[in-house]
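Structural features, examined
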Amino acid sequence: MSLYKDYLTEIETRKAQGLHPKPIDDGALVAEIIAQIKDAGNEHRDASLNFFIYNTLPGTTSAAGVKAAFLKEIILGAEVVAEITPEFAFELLSHMKGGPSVAVLLDLALGDDAAIAAQAAEVLKTQVFLYEADTERLEEAYKAGNAVAKELLESYAKAEFFTNLPEIEEEIKVVTYIAAEGDISTDLLSPGAEAHSRADRELHGKCMITPEAQAEIQALQAQHPDARVMLIAEKGTMGVGSSRMSGVNNVALWTGKQASPYVPFVNIAPVVAGTNGISPIFLTTVGVTGGIGLDLKNWVKKTDADGNTVLDDNGDPVLEQAYSVETGKVLTINTKTKKLFDADGTELVDVSSAFTPQKVEFMKAGGSYAVVFGKKLQTFAAEALGQTLESAYAPSKEVSADDQGLTAVEKIFNKNARGTTPGKVLHAGSDVRVKVNVVGSQDTTGPMTAQELEAMAATVISPSLDAGYQSGCHTASVWDAKAQANIPKLMAFMNKFGLITARDPKGEYHAMTDVIHKVLNDITVDDWDIIIGGDSHTRMSKGVAFGADSGTVALALATGEATMPIPESVKVTFKGKMADHLDFRDVVHATQAQMLKQHGDNVFQGRVIEVHIGTLLADQAFTFTDWTAEMKAKASICISNDDTLIGSLELAKSRIQIMIDKGMDNAAQTLQGLIDKADARIAEIKSGEKPALTPDDNAKYFAEVVVDLDEIVEPMIADPDVNNADVSKRYTHDTIRPVSYYHADKKVDLGFVGSCMVHKGDMKIVAQMLKNLEKEQGKVEFNAPLVVAAPTYNIIDELKAEGDWEILERYSGFEFDDMFPKQKARTEYENILYLERPGCNLCMGNQEKAAKGDTVLATSTRLFQGRVVADAPEKKGESLLASTPVVVLSAILGRTPTLEEYKKAVEGIDLTKFAPPLEKPAGARSAHF
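Presented here is a report on the structure given in the accompanying data block. Only a predicted model underlies this, so the values are computations on that prediction, with no experimental measurement involved.

Strand order in the open sheet formed by three strands is β14-β15-β21, with antiparallel pairing between adjacent strands. The open sheet terminates on both sides in strands that have one partner only, identified here as β14 (417-418) and β21 (561-565). Looking at chain direction, β14 and strand β15 (residues 431-435) are connected through two bridges and run antiparallel. When the bridges of β15 are listed, A417 appears paired with V434.

Below, the structure written as structure tokens:
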């Protein structure tokens with residue numbers, strides 16, 4: 001009884017933390033629990049019954065397998081448990097969501113006992129998570145003349161598992177709760193610092209917003225038991241930033257409905273809202289749970305008598321309130337009229353975008369997974385019976401415009417579309433099922449993805465995928481007890497599932513903590529590919545990539561598909577000449593600033609940025625696509641010249657070969673397959689058979705932005721503007737300022753060069769600046785700490801071979817050692833150079849952080865409150881974002897530099913350059929190719 005004793009010890013530990021017993025996923029523990037249930041006189045029998053019925057995880061966990069087998073014995077009469085009748089055993093099986101439970105139900109339905117078979121069939125008619133092994137077995141039984149198999153197929157062909165479900169309520173009463181003013185990042189709902197606990201839903205739920213907010217939500221629920229609490233981003237967008245299923249899980253845990261009475265802490269159907277709606281990735285995640293996401297539009301731009309927008313002293317539009325959603329207001333959503341009403345019946349706003357036929361189906365089915373699997377199951381059944389499919393689901397919206405060309409993303413979606421009307425060309429707004437080529441899972445959301453795969457009863461990666469990759473970058477900084485407990489288990493699961501994993505469960509190759517986006521950028525080997533990744537920065541410079549929640553990642557891994565509308569696109573082109581003293585990162589920041597200046601509103605939000613970058617290779621172009629997450633874009637596509645694309649593919653091949661040489665390929669030779677695919681694509685380009693992807697000349701764009709490089713005269717900094725009087729304007733990425741704004745007196749407490757926004761060239765810039773300053777000053781003194789984390793081990797190897805690593809080592813007061821990785825996060829910094837392990841480091845904020853209240857100048861992407869640096873009681877923490885040379889010089893000076901100091905420091909240094917592509921490719925390439 002050792003496992004059970006250990007479990008009781010864990011329960012006592014959790015009780016001290018205010019937590020319930022942890023849900024059980026271990027089959028060996030369930031076996032002990034069953035033994036105690038069978039023993040009528042056992043002192044633990046009652047507790048064991050409770051754990052077995054209410055606290056055992058479903059799906060493909062080993063616990064689910066043992067539970068399903070015991071329930072089968074009860075149904076067949078081989079075991080008798082007074083508290084679990086055969087009827088109750090069937091009910092429990094119906095809540096186990098596939099895998100072993102479906103196998104047991106098929107055993108019973110196709111068995112010799114007609115009465116039991118009939119009962120099993122009725123349960124199976126409600127199930128949707130059937131895989132090939134299940135459907136093949138059913139089809140074989142049907143062909144052999146089994147009447148129950150025929151009955152099941154006929155039910156599936158009518159999709160009775162969906163049509164028999166109750167319709168969503170016509171009226172949904174909600175009570176408002178303002179979670180924050182301004183954009184709400186998923187960090188507020190699921191902080192990066194608590195990433196280790198995401199798979200433990202109850203424990204992780206404790207970190208949502210604040211304990212005070214949780215108490216306020218509970219108070220509202222007590223006051224309004226007939227209403228659902230609606231979490232609101234007042235004067236902002238809900239769910240910006242990282243793509244976190246854990247954020248939606250937390251909101252659902254506190255405000256949603258329990259998915260099953262027999263599965264603890266899995267809640268669904270939250271209601272969330274924002275003045276400016278919901279971030280695209282977050283909205284997808286809300287759909288996974290069958291939730292509702294509203295665009296409130298409760299603050300509007302004030303206009304004068306002539307209809308012109310009134311601006312404040314900073315040139316920003318003045319907002320005025322159209323209606324109030326202050327905390328505690330009771331409102332009603334009418335799902336038929338698709339309107340939001342006040343308590344007195346006054347119509348407030350149209351919310352039809354939240355109730356499209358597809359979204360309503362998600363709500364009815366309890367989440368988008370059930371719809372995806374339901375469509376697949378209905379199609380299978382109709383084919384098996386030889387019937388014409390009469391879909392029970394709303395037809396996918398197909399938008400086609402005559403005499404209108406295709407944008408790049410429209411071309412990619414048309415090429416990869418599945419199940420659309422043959423021969424029909426689709427444009428933006430169409431709902432499309434698409435083939436996915438590459439899927440990436442990262443290590444702080446990976447445990448949840450593994451849970452989702454188990455819950456949907458998936459056991460192996462879809463053979464239609466080119467590759468799946470599991471990273472180790474978000475937990476690279478500190479190999480602490482939490483990482484040691486979670487990561488090996490995750491890597492073993494994903495490796496067995498069929499992914500290439502950063503860590504080898506057998507220990508045969510060195511742990512690769514390379515940043516996931518960099519690896520995905522390398523293993524994407526076709527500009528027509530679709531990539532899905534468990535992080536908002538899944539934005540490749542080849543193909544089109546979408547950051548996604550852990551559940552959508554699981555679905556893509558299991559099915560090789562994703563479903564989404566074809567997004568609208570914004571075309572970005574460039575003119576003018578880039579000044580010699582500037583870095584390409586300055587162009588990236590200026591794009592955001594010039595877009596806002598040209599359009600007033602953020603036209604990038606929720607759309608694809610089609611950037612005509614042409615002459616920048618994959619590593620450098622990624623600096624732009626990566627930043628588009630902060631531009632609130634849904635995705636980004638780089639339009640490259642033929643020669644540049646070939647160069648990027650050759651670079652990808654060399655990086656993949658290194659992975660193979662390190663022993664990372666698997667039995668399926670996934671990595672070799674990518675090299676073969678890259679070779680085939682290169683041959684197509686060289687022969688002229690299929691040149692690099694370009695949009696049609698008559699493609700239709702939502703908007704166009706022309707970036708004037710001549711306007712960029714000094715380095716640009718993205719500022720969180722933490723003291724802005726308007727709370728809604730803090731911590732956005734829209735405040736872009738020139739370095740001269742700070743008058744060389746902005747104190748910098750720490751500099752950080754790292755994250756996915758830097759490439760090999762950035763590391764060389766650090767070395768070159770140290771050499772230059774050393775030559776001029778004799779020795780470089782740091783007035784603030786400088787943390788440097790290369791994105792990949794390959795970069796470090798190349799820097800060593802080229803002699804740049806030596807100068808970095810010479811100035812470092814700390815250099816990572818993979819033989820003895822840090823087991824504790826750093827809390828204090830000296831004024832020295834820190835050479836950290838490849839990975840996310842400070843940008844992730846879950847392990848390493850700057851000291852509270854610090855002003856950090858970083859090359860990373862995140863400036864959200866509390867992410868890189870938390871607030872101190874006397875001073876707000878600030879995370880300002882800039883180019884590598886600005887960060888390095890600021891750390892040396894301990895303050896922001898003057899433009900003259902900056903120019904002098906970078907004189908002669910090879911910065912990342914960009915020249916707009918000409919009509920005829922000029923062959924210009926980044927200096928660091």
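With that settled, consider the sheet that holds strand β23 (residues 608-614). Strands sit in the order β24-β23-β22-β25 across an open sheet of four strands; the sheet is parallel. Edge positions in the sheet fall to β24 (635-640) and β25 (703-708), since each of these pairs with one other strand and no more. Sheet twist, expressed as the average angle between the axes of neighbouring strands with direction ignored, equals 25°. Sheet topology places strand β22 (residues 569-575) next to β23; four bridges connect them, and they run parallel. What sits directly across from V572, in β23, is V611. Across the sheet, helix α23 (residues 584-599) lies against β22, β23 and β25, angled at about 130° from β25, the strand it touches most.

When the terminal C-alpha atoms of helix α26 (residues 670-687) are compared, their 26 Å separation across 18 residues agrees well with the 26 Å that a helix rising 1.5 Å per residue should span. Every buried residue of α26 is listed here: T670, L671, L674, I675, A678, R681, I682 and I685. An end-on view of α26 places all buried positions within 145° of arc, on one side of the element. The elements touched by buried residues of α26 are β17 (467-470), β18 (500-501), α21 (516-523) and α25 (642-661). G688, located one to two residues past α26, shows a positive phi value of around 85°.

Take the side chain of D721 next. Relative to the helices and strands, D721 resides in the loop between β26 (716-718) and β27 (736-738). Within polar-contact distance, the side chain of D721 engages the side chain of N724 at 2.8 Å. When sequence neighbours within four positions are dropped, the list of residues in contact with D721 reads K729, R730, T735 and R737.

For the rest of this paragraph, the subject is the packing of aromatic side chains. Summed over all chains, the structure comprises 18 aromatic pairs. Ring centres 5.7 Å apart and planes at 80° place the aromatic pair Y829 and Y834 in the edge-to-face group. The class of Y829 is buried, set by a relative accessible area of 16%. When its relative accessible area of 4% is taken as the criterion, Y834 is described as buried. In this structure, K364 is placed above the aromatic ring of F162, and the distance from its NZ or CZ to the ring centre is 4.4 Å. Seen from the ring of W479, R503 lies directly overhead, with NZ or CZ sitting 4.0 Å from the centre.

Before going further, it helps to spend a moment on unusual backbone geometry. Phi at A457 takes a positive value of approximately 65°, unusual for a residue other than glycine. Mapped onto the secondary structure, A457 falls in the loop between α19 (446-455) and β17. For A457, a relative accessible area of 6% translates into the label buried. If you check the backbone angles, N841 has positive phi at about 55° while not being a glycine. For N841, the location among the structural elements is in the loop between β31 (833-836) and β32 (855-858). N841 sits in the buried class, given a relative accessible area of 3%.

Thresholds applied
- Chains are numbered independently. Their residues run from 1 in the order of the written sequence.
- With pLDDT at 70 or above as the cut-off, local features in this predicted model cover only qualifying residues; side-chain atom pairs require 80 or more to be listed or tallied, and sums for whole chains, interfaces and linings still use all residues.
- Each side-chain value is derived from all of the structure's non-hydrogen atoms; neither hydrogens nor water enter the calculation.
- Strands were regarded as paired on the criterion that DSSP finds at least two bridges between them.
- Put simply, DSSP marks the helices as runs of H or I at least four residues long and the strands as runs of E at least two long, and each gets a number from the N terminus on.
- Here the axes come from fitting lines to C-alpha atoms, over the contacting stretch only for helices, and the angles between their N-to-C directions go from 0 to 180 degrees.
- Contacts are residue-level and defined by heavy atoms, with any inter-residue pair within 4.5 Å sufficient.
- For a helix, the expected span equals 1.5 Å multiplied by the number of residues minus one.
- Whether a residue is buried, partly exposed or exposed follows from its accessible area with a 1.4 Å probe, protein chains only, as a fraction of its type maximum: under 20%, in between, or over 50%, in that order.
- The arc in question is formed by the directions pointing from the helix axis toward the C-beta atoms.
- Pairing of N or O atoms within 3.5 Å defines a polar contact, subject to two protein rules: one partner must be a possible hydrogen donor and the other a possible acceptor, and residues neighboring in sequence count only if both atoms are side-chain atoms.
- Any two of the Phe, Tyr and Trp rings considered here, Trp counted by its six-membered ring, make a pair once their centres fall within 6.5 Å; the pair's planes then place it as stacked at under 30 degrees, edge-to-face at over 60, or tilted in between.
- Counting as a charge over the ring demands two things of the Lys NZ or Arg CZ atom: a distance within 6 Å of the ring centre and an angle within 35 degrees of the ring normal.

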